[in-house]
Amino acid sequence: MLYIFDFGSQYSQLICRRVRSLGVKAKLVPHQYPLKRLRDAKGIILSGGPDSVYERNAATISKKIFPLGVPVLGICYGMQLMAHLTGGKVQRSQKKEYGPAVLELAPGQKSKLFLGLPSSFSVWMSHGDQVVRLSKGFSRTAATSTSDNASMEDSRRNLYGIQFHPEVEHTQYGKEILQNFAFGICKCERSHGVEELIDSKIAQIRKAVGKEHVICATSGGVDSSVTAALVSKAIGNQLTCIFVNPGTLRKGEAREARKLLQDTLHLNVKYVNAEAQFLRALKGVSYGETKRKIIGREFIRVFDKSARGIKPAPSFLAQGTIHSDVVESARTDTGGKTQTIKSHHNVAGLPKKLRLRLLEPLRDLFKDEVRQLGLALGLPDYALWRQPFPGPGLAIRVVGEVTKPKLDILREADTIVREEIENAGLARDFYQYFAILLNDKTVGVRGDQRAYAYPVVVKAVVSSDIMTSDWARLPHDFLSHLSWRITSEVPQITRVLYDITPKPPGTTEWE
Ligand code: XMP
């Protein structure tokens, strides 16, 4: 087992997921995890985190972890903590590094961590502190233009520290570094397969549910469809799916989703059209976080009400929460210190006294793992590759107050974006592609007349797990055609913008 100690990084679970994808058994544990429970540890990773090691109350770990004889890899904050606890010095740096940096391996270094890698490559950084003095026994193995000590090691004691994030996809050779650590240094063995995962999930669901009844919040999206298929495989007709139309779905979506759930997956589905209720609740509200909370609340209200009509009475609510939702809502199982970025509707807004117990079988999985699971469960290809769509739907893509007319305008623009990307055969290249409607009108001219209408933002992102992403380099001619189609076919739009922000710093959704 490789243990990952969580110091609250946005990427802690991602480290775990990456290690598991190498076929290595990995467990994410809180940073306070007792060392005596590490009996089967082949290696330890200390994650990143938002604290500064020199501050009071910063998340820390017992120094006794280092002489255990188990290899330790500190990533970002984990590296700083390793330096701090072994006699080195960490301080706030003048220049912070966020995003890409070029890592130069130290001349003559022979680190097992970088075995087989070129002497220079691109890595992803996200830090404000730096190790400015190495501890005794450590040597520097790489630097960037901003960090002299971008990596360090004491190979005699098998202690390694890297300032960058090997777990994010934008670090070149990140996988190889983790591989070198897991196999070359820790001597881990390969295990784990998707069938094994399904069997263990089914056993967990059966154990939790017993003979009780479950309702599942389904939307036709990948996460909730895989959840429903998994729960249905575990407990059969003890499951009823509830599909709520909150009025913030894309054009044609309610119809298509029902077709998938009822006709293709043969699930027992109760359809609830709650458009009026949601729009009423959102009236006059413009702050994104409040909209998210309201939608979360209304969803739960609707489910609760619908559930009352189901016989036998359900005791559980199954939700398609996946790990990126959990991380960004700061509700980790590990007691980590993850910061709240946005409240995802499926984990926020749950009333404290929810009368239904939660069942979230995918909450430790990332999108690509969910797709693998869905494939093994027999979900059709088109359902697995449907682009992810957030629970609050178009409500968080209409910036400012949400109204039916604005939603309708956005639906038209979004349909054009989807059609064009799909017709160009680009759908599989991007994690998501969609439109966002801005709040303030701007001036334009149409047929010699002044037009005063909304700007729309087009967004297309490249990513495999959406923990980080980059904007899609769509050809100029394609963008030009898109802009022409949107402004010609949607009269309430006079201006088309394209979002060229990576994540970080820009999140995928605008609100
Ligand atoms: P952000 O905007 O945080 O989004 O980069 C990451 C991914 O999550 C989706 N997303 C959500 N999914 N409920 C969901 O089920 C939500 O409230 C929610 N908010 C964002 C987003 O579309 C992207 O794929």
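Keep in mind the model is a prediction, meaning the values are calculated, not measured. (Residues numbered from 1 in each chain as written. Predicted model: local features only at pLDDT ≥ 70, side-chain atom pairs only at ≥ 80, totals over all residues. Heavy atoms only, no water.)

## Considering the UniProt feature "binding site: ATP" (unreviewed entry) in the protein
Point 1. Per the UniProt entry, the sites bearing "binding site: ATP" (unreviewed entry) are Ser219, Gly220, Gly221, Val222, Asp223, Ser224 and Ser225 in this numbering.
Point 2. If you trace the backbone, Ser219 turns up in the loop between strand 10 (213-217) and helix 5 (222-235).
Point 3. Not counting chain neighbours up to four residues away, the residues in contact with Ser219 comprise Ser224, Phe243 and Ala257.
Point 4. Structurally, Ser225 can be placed in helix 5.
Point 5. Discounting chain neighbours no more than four positions away, the residues touching Ser225 are Gly220, Leu260, Leu261, Leu265 and Leu379. (UniProt positions renumbered as here; feature names shortened; annotations may be inferred. Helix = DSSP H or I, 4+ residues; strand = E, 2+ residues; numbered from the N terminus. Contact = heavy atoms within 4.5 Å.)

## A look at the nonpolar core
Point 1. Within the largest apolar cluster, 87 residues are counted, with the highest numbers of intra-cluster contacts made by Val214, Val226, Val244, Leu373, Leu474 and Ile486.
Point 2. Residue contributions to this core peak at eight residues, all from helix 5.
Point 3. Shared between two domains, this core holds at least three residues of each, these being domain 2 (194-384) and domain 3 (397-498).
Point 4. Core analysis: the next-biggest nonpolar cluster, separate from the first, contains 35 residues, Leu28, Cys76, Phe164 and Ala182 among them. (Core = buried A, V, L, I, M, F, W, Y, C linked by side-chain atoms within 4.5 Å. Buried < 20%, exposed > 50% of the residue type's maximum accessible area, 1.4 Å probe, protein only. Domains from an automatic or database assignment.)

## Here we look at the pattern of salt bridges
Point 1. Using the criterion set out here, one finds 26 salt bridges in the structure.
Point 2. For Asp154, the salt bridge goes to Arg157, with nearest N and O atoms at 2.7 Å.
Point 3. A relative accessible area of 32% places Arg157 in the partly exposed class. (Salt bridge = Lys/Arg side-chain N within 4 Å of Asp/Glu carboxyl O.)

## With respect to the side chain of His31
Point 1. Turning to its location among the elements, His31 is positioned in the loop between strand 2 (26-30) and strand 3 (43-46).
Point 2. Beyond its immediate sequence surroundings of up to four residues, His31 is in contact with Phe5, Asp6, Phe7, Ala59, Thr60 and Ile61.

## Re the sheet that holds strand 10
Point 1. Reading across from one edge, 12-11-10-13-14 is the order of the five strands in this open sheet, with parallel pairing throughout. The sheet terminates laterally at strand 12 (269-273) and strand 14 (357-359), the two strands that pair on one side only. Strand after strand, the sheet turns through a mean of 30 degrees between neighbouring axes, direction not considered.
Point 2. In this sheet, strand 12 lies alongside strand 11 (residues 239-245) in parallel orientation, the contact comprising five bridges. Of the residues in strand 12, the one forming a bridge with Phe243 is Tyr271.
Point 3. In this fold helix 4 (residues 194-209) packs onto strand 10, strand 13 (314-318) and strand 14, with an angle of close to 170 degrees to the strand it touches most, strand 14.
Point 4. Across the sheet, helix 5 touches strand 10, strand 11, strand 13 and strand 14, and the angle it forms with strand 10 is around 165 degrees. (Pairing = 2+ DSSP bridges. Axes fitted to C-alpha atoms, helices over the stretch in contact; angles between N-to-C directions.)

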